[in-house]
Amino acid sequence: SSMDSKIEQLSKKRTLLEQYKKGVMQKIFSQTLRFKDDDGSEFPEWVEKKFKNIATFFSGGIPTSSNKKYYCGDIPFIGSGKIGSDNVDQFITDDALNSSSAKLVNEGDLLYALYGATSGEVAISKIHGAINQAVLCIRSTENIYFLFQWLKLNQNRIISTYLQGGQGNLSADIIKKLKMKLPSLKEQTKIANFLSSLDKKIELTDKELGAI
């Protein structure tokens, strides 16, 4: 009974944290809620930009599946369903990488699932590995965690706009044309740190639930 009560409390806490984060994100990205500099001064106004003007993009490819030796290496091969995971189902060799259009990404890169069951999902890579053509890597000098949160918040809108009835694929060209309001890098960092702290609270709650 006490365990059931603890599970109920933690589940409620997690739901409330998720609801709070969603609500505060909507206020932040609509600029209803603004952050201030450390000296109390206002940050500059946000400027609308297209993704193609603030980032570089590339996707990968698949080494020839008939060559089984290609899949006996130690390079993690990240599919669209594993972009946010710290483990993968396949590993490829250097020869596989060099003989195909597969591309390497770094831990901390922003990854976007273009098609497949997870189309529209976005994550920050937890590993150094190679990606296939269903995964788009986005690199930018803007705050990556800020861009991640914006894409996450707008995920449903992007899918409903470009995947009619769940059919079709997203593409690098679609993502490049997305428009967003962008604050200064210092304000981006403050926002990213704040949202990251909420994510850590949610992750901690998940660990507590998993430990029961």
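This one's a predicted model, so the numbers in the text were calculated from it and none came from an experiment. (Residues numbered from 1 in each chain as written. Predicted model: local features only at pLDDT ≥ 70, side-chain atom pairs only at ≥ 80, totals over all residues. Heavy atoms only, no water.)

A. Focus on the overall build of the chain. The number of helices and strands found in the chain is 6 helices and 10 strands. The dimensions of the chain, computed from C-alpha atoms along their principal axes, are 55 × 55 × 40 Å. Counting over 212 residues, the chain shows a buried share of 41%. In the chain, the share of contacts with a sequence separation of at least 24, taken over all contacts with a separation of at least 6, comes to 71%. Split by element, the accessible area of the chain, about 11800 Å² in all, is 49% carbon and sulfur. The averaged location of the 24 negative side-chain charges in the chain is 5 Å from the averaged location of its 29 positive side-chain charges. (Helix = DSSP H or I, 4+ residues; strand = E, 2+ residues; numbered from the N terminus. Buried < 20%, exposed > 50% of the residue type's maximum accessible area, 1.4 Å probe, protein only. Contact = heavy atoms within 4.5 Å. Areas by Shrake-Rupley, 256 points an atom, 1.4 Å probe, with all protein chains shown as cover. Lys, Arg positive; Asp, Glu negative; His and termini not counted. Charge placed at Lys NZ, Arg CZ, Asp CG, Glu CD.)

B. Region of the structure containing the nonpolar core. Core analysis: the biggest nonpolar cluster contains 36 residues, and Tyr112, Ile138, Leu147, Leu151, Ile175 and Leu195 have the highest contact counts within it. Listed by contribution, the elements that provide at least two residues to this core are helix H1 (2-29), strand E2 (55-59), strand E6 (110-113), strand E9 (135-140), helix H3 (144-153), helix H5 (172-177), strand E10 (179-182) and helix H6 (185-211). Ranked by residues supplied to this core, first place goes to H3 with 7 residues. If sequence neighbours within four positions are ignored, Leu195 has contacts with Val24, Met25, Ile28, Phe29, Tyr145 and Gln149. (Core = buried A, V, L, I, M, F, W, Y, C linked by side-chain atoms within 4.5 Å.)

C. Examining the packing of H3 against H6 more closely. Packing of H3 against H6 brings their axes to within 8 Å, and their N-to-C directions diverge by 65 degrees. Our classification of the angle between H3 and H6 gives roughly perpendicular. Between H3 and H6 lies a crossing whose hand is left-handed. Of H6, the residues touching H3 (which contributes Tyr145, Phe146 and Gln149) are Gln188, Ile191, Ala192, Leu195, Ser196 and Asp199. (Axes fitted to C-alpha atoms, helices over the stretch in contact; angles between N-to-C directions. Parallel < 35°, antiparallel > 145°, perpendicular 65-115°, else oblique. Left-handed = near helix turned anticlockwise from the far one by under 90°.)

D. View of the pattern of salt bridges. Under the definition given, this model contains 10 salt bridges. Salt-bridge contacts for Glu18 lead to Arg14; the nearest nitrogen and oxygen are separated by 2.8 Å. One end of the pair is Glu18 and the other is Arg14, both in helix H1 and 4 residues apart, which spans about a single turn. You can call Arg14 partly exposed: its relative accessible area is 26%. By sharing partners, the salt bridges in this structure join Arg14, Glu18 and Asp206 into a single network. (Salt bridge = Lys/Arg side-chain N within 4 Å of Asp/Glu carboxyl O.)

E. How the structure looks around the sheet that holds strand E7 (residues 122-124). The 4 strands are arranged E2-E9-E6-E7 in an open sheet whose pairing can be described as antiparallel. Whereas interior strands pair on both sides, the edge strands pair on one side only; in this sheet they are E2 and E7. Between one strand axis and the next, the sheet turns through 25 degrees on average, direction left out of account. Relative to E7, E6 runs antiparallel, the two sharing 3 bridges. Counted as the bridge partner of Tyr112 is Val122 from E7. (Pairing = 2+ DSSP bridges.)

F. Structural detail: the side chain of Asn132. As for its placement among the helices and strands, Asn132 is situated in the loop between strand E8 (129-131) and E9. Owing to a relative accessible area of 10%, Asn132 belongs among the buried residues under this scheme. Leave out the neighbours within four places in its chain, and Asn132 touches Ser59, Gly60, Gly61, Ile62, Phe77, Ile78, Gly79 and Ser80.

G. Examining the sheet that holds strand E5 (residues 103-105) more closely. Strand order across the open sheet formed by 4 strands is E4-E3-E8-E5, with mixed pairing between neighbours. Only two strands of the sheet have a single partner each, and these edge strands are strand E4 (90-92) and E5. Each strand axis lies, on average, 45 degrees off the axis of its neighbour in the sheet, ignoring direction.

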